[in-house]
Amino acid sequence: MTFSLELTDEQEALREKAHVFARDVIRPVAGQYDSAQEFPWPVLEEAARQGFYGWELYAQLSVDPTGLSLPILMEELFWGCAGIGLSIVMPALALAAIRQAATDEQLARWAPECFGTPGDIKLAALAVTEPSGGSDIRSIQTQARTDGDDWVIDGQKVFIGNGGIADVHVVVATVDPEAGHRGQGVFIVPKGTPGLTLLRKLDKLGCRASHTGEIVLKNCRVPGEHLLGGTERLQERIAKGRESEQGRKPIAPAEEGGPAAAVQRRSSAALGAFERTRPMVAAQAIGIARAALEFARDYAVGREAFGEPIIENQGVSFPLADIAADIDGARLLTWRAAWMAAQRHPFDNAEGSMSKLKASEVAVRACEQAIQTMGGWGYIKDFPVEKWYRDAKLYTIFEGTSEIQRLVISRALRAQANIEPLNQRMQSPR
């Protein structure tokens, strides 16, 4: 299938339905939940009733051959509110990791438990990040060991969306440190499992309508069938991992962009989940950026100074013009990456990282420019732009910082380099 920007009737309908939901359900309560740092349970209930909260939605949209349905949905929901948006879509990250690692039987067992049903809403969490390191997935210190037919997990996780309150925790733990990524297992830890404790709910700068927790697993025992993929598959990976790790120098974090990264992806459910969701995260950032630009635009048209709308001043209109162009550019990068993922084209040129880097950074700049356009009114809580500014900053940090994205892109550039000596290249006929 060739890449096209023409949306299908179904995609147009999805965008309109999601926009109406964001406008009529999310936006009216966004400030309230941000201020109180409360979890938006009623919004999730309504999202489930309208078909925006359920594993079936992601099963349906993930097989879209254009890859554009999910980023369209994400942009509209996060145009409404990033914190509430995260609460709605957070289980999808855990579902992506389950889908990456699980057998078909395990996927059928646990996918419904990630969302529940209207009237019986459930939550899921992907527990990867640890206090000792964020983007360095290879250095996970949480350990899992066998004890009879069970697995016992010990470790600590931080910055976990829905961590400690989720009905399903998808926990990445090291089984064999000498096997690198292939020595890691992915385990289902249900809510209420003895040894799983919510250490604290994190007090965040932005996205405060979503729950982010720090959890501890101490002698946390789960049945053997809670190892996703099963023991035999894990032992095969460990054997290959031990062989490949012998004599290899440590590799810096990489999710895409070159052969070494491809090897790591095949052996890590966590990285596989992050790679597939990176364009989705970019689309979320675009939703915030668009909200800020639209608000600043409308304010600049309606606000008069010195006898004319302030948008007639180039000092106001030109920065907004730059933001508008950059948002469209980030969306194009995001849709390209989403299409490539759907078509199973590898991100050899770090296309996924490009999308997240540009989208996250334009979101911050769009919100900052919206505040600047509104002056003092943008700095106080009477208007939502200060909230969007706080929300947007998260996107340059989570699921790979901007520095990590640049590292991945630069590694792809290095892999493409022509290593022919410069003096020979200068002498080559043109």
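See the structure above.
Quick caveat, the model's predicted, so the values are computed rather than measured.

Caption draft 1: Just a nonpolar patch on the surface, in detail. A cluster of nonpolar residues, Phe3, Leu5 and Leu332, forms a patch on the protein surface that exposes about 260 Å² of accessible area. Relative to the helices and strands, leucine 5 resides in the segment before helix 1 (9–36). Exposure remark for leucine 5: the relative accessible area of 46% places this residue in the partly exposed category.

Caption draft 2: Summary view of the packing of aromatic side chains. Within the structure shown, the criterion is met by 10 aromatic pairs. Seen in terms of ring centroids, phenylalanine 21 and phenylalanine 52 are 5.1 Å apart; in terms of plane orientation they differ by 45°. Their pairing is tilted. Here the residue phenylalanine 21 occupies a position in helix 1, and phenylalanine 52 occupies one in the loop between helix 2 (41–49) and helix 3 (55–61), the gap between them amounting to 31 residues. Comparing phenylalanine 21 with phenylalanine 52 shows no difference in burial state: the two are buried. Pairwise contacts between aromatic rings join Phe295, Trp377, Phe383 and Trp388 into one cluster. The residue whose ring lies beneath arginine 27 is tryptophan 79, and the NZ or CZ to ring-centre distance is 3.5 Å.

Caption draft 3: A look at the pairing of strand 6 (residues 168–174). Summarising burial for strand 6: 7 of the 7 residues are buried, a large majority. Residue alternation in strand 6 divides its side chains into two sets, Val168, Val170, Val172 and Thr174 and His169, Val171 and Ala173, and both sets are buried. Where strand 3 (residues 124–127) and strand 6 come together, 4 bridges link them in parallel fashion. Within strand 6, the residue paired with alanine 127 across the bridge is valine 171. Looking at chain direction, strand 6 and strand 7 (residues 184–190) are connected through 7 bridges and run antiparallel. Counted as the bridge partner of valine 170 is isoleucine 188 from strand 7.

Caption draft 4: Seen up close, the environment of glutamate 46. Along the chain, the position of glutamate 46 falls in helix 2. Taking the C-alpha atoms as reference, glutamate 46 lies 8.1 Å from valine 25; in sequence the two are 21 residues apart.

Caption draft 5: A look at the pattern of salt bridges. A full pass over the atoms with the stated rule returns 23 salt bridges. For arginine 221, the salt bridge identified is with aspartate 147, shortest N-O distance 2.7 Å. A residue pair is termed long-range when its members are at least 10 positions apart, and arginine 221 in strand 9 (residues 212–223) and aspartate 147 in strand 4 (residues 143–147) qualify at 74 residues. On the basis of relative accessibility, which here comes to 39%, the residue arginine 221 falls in the partly exposed class. Since its relative accessible area comes to 34%, aspartate 147 is described here as partly exposed. Salt-bridge contacts for aspartate 326 lead to arginine 365; the nearest nitrogen and oxygen are separated by 3.0 Å.

Caption draft 6: Quick peek at the environment of lysine 387. Mapping lysine 387 onto the fold places it in helix 13 (residues 385–393). By relative accessible area, which is 6% here, lysine 387 ends up buried. For lysine 387 and aspartate 34, which are 353 residues apart along the polypeptide, the C-alpha to C-alpha distance reads 8.1 Å. Each residue touching lysine 387, except ones within four places of it in the same chain, is listed here: Ala30, Asp34, Cys81 and Ala82.

Caption draft 7: Molecular detail of unusual backbone geometry. A positive phi angle, near 60°, is found at phenylalanine 159, a position not held by glycine. Checked against the element boundaries, phenylalanine 159 lands in strand 5 (residues 150–161). According to the relative accessible area criterion, phenylalanine 159 is exposed, its value standing at 58%. A positive phi is found at asparagine 219, a non-glycine position, where the angle reads about 50°. With respect to the helices and strands, the residue asparagine 219 is situated in strand 9.

Caption draft 8: Representation of the side chain of lysine 122. One can find lysine 122 in the loop between strand 2 (120–121) and strand 3. Residue classification places lysine 122 among the buried residues on the basis of a relative accessible area of 19%. The contact partners of lysine 122, leaving out residues within four places of it in the chain, are Tyr53, Glu113, Cys114, Phe115, Gly116 and Asp167.

Cut-offs used in this document
- Position labels on residues start from 1 in each chain and follow its written sequence.
- Residues qualify for local features only when their pLDDT is at least 70, as the model is predicted, and side-chain atom pairs are given and counted only at 80 or more; totals for whole chains, interfaces and linings, by contrast, use all residues.
- With hydrogens and water set aside, each side-chain value is computed from the structure's full complement of heavy atoms.
- Put simply, a patch holds well-exposed residues, over 30% relative accessible area, that have no salt bridge, with like charges counted together within 9 Å and Val, Leu, Ile, Met, Phe, Trp or Tyr side chains within 5 Å.
- Note on areas: Shrake-Rupley with a 1.4 Å probe; residue coverage comes only from the protein chains shown.
- By definition, a salt bridge exists where a carboxyl oxygen of Asp or Glu is found within 4 Å of a side-chain nitrogen of Lys or Arg.
- A helix here means a DSSP run of H or I that spans at least four residues, while a strand means a run of E at least two residues long, and both kinds are numbered starting from the N terminus.
- For every residue, the accessible area obtained with a 1.4 Å probe (protein chains only) is divided by the maximum for its type, and the residue is called buried under 20%, exposed over 50%, and partly exposed between those limits.
- Stacked, tilted and edge-to-face are the three classes applied to pairs of Phe, Tyr and Trp rings, where Trp contributes its six-membered ring and a pair requires centres within 6.5 Å; stacked means planes under 30 degrees apart, edge-to-face means over 60, and tilted covers the rest.
- By definition here, charges over rings are those cases where NZ of Lys or CZ of Arg is within 6 Å of the ring centre and within 35 degrees of the ring normal.
- Pairing between strands is defined by DSSP: at least two bridges between them are needed.
- For this analysis, residues touch if any pair of their heavy atoms sits within 4.5 Å.

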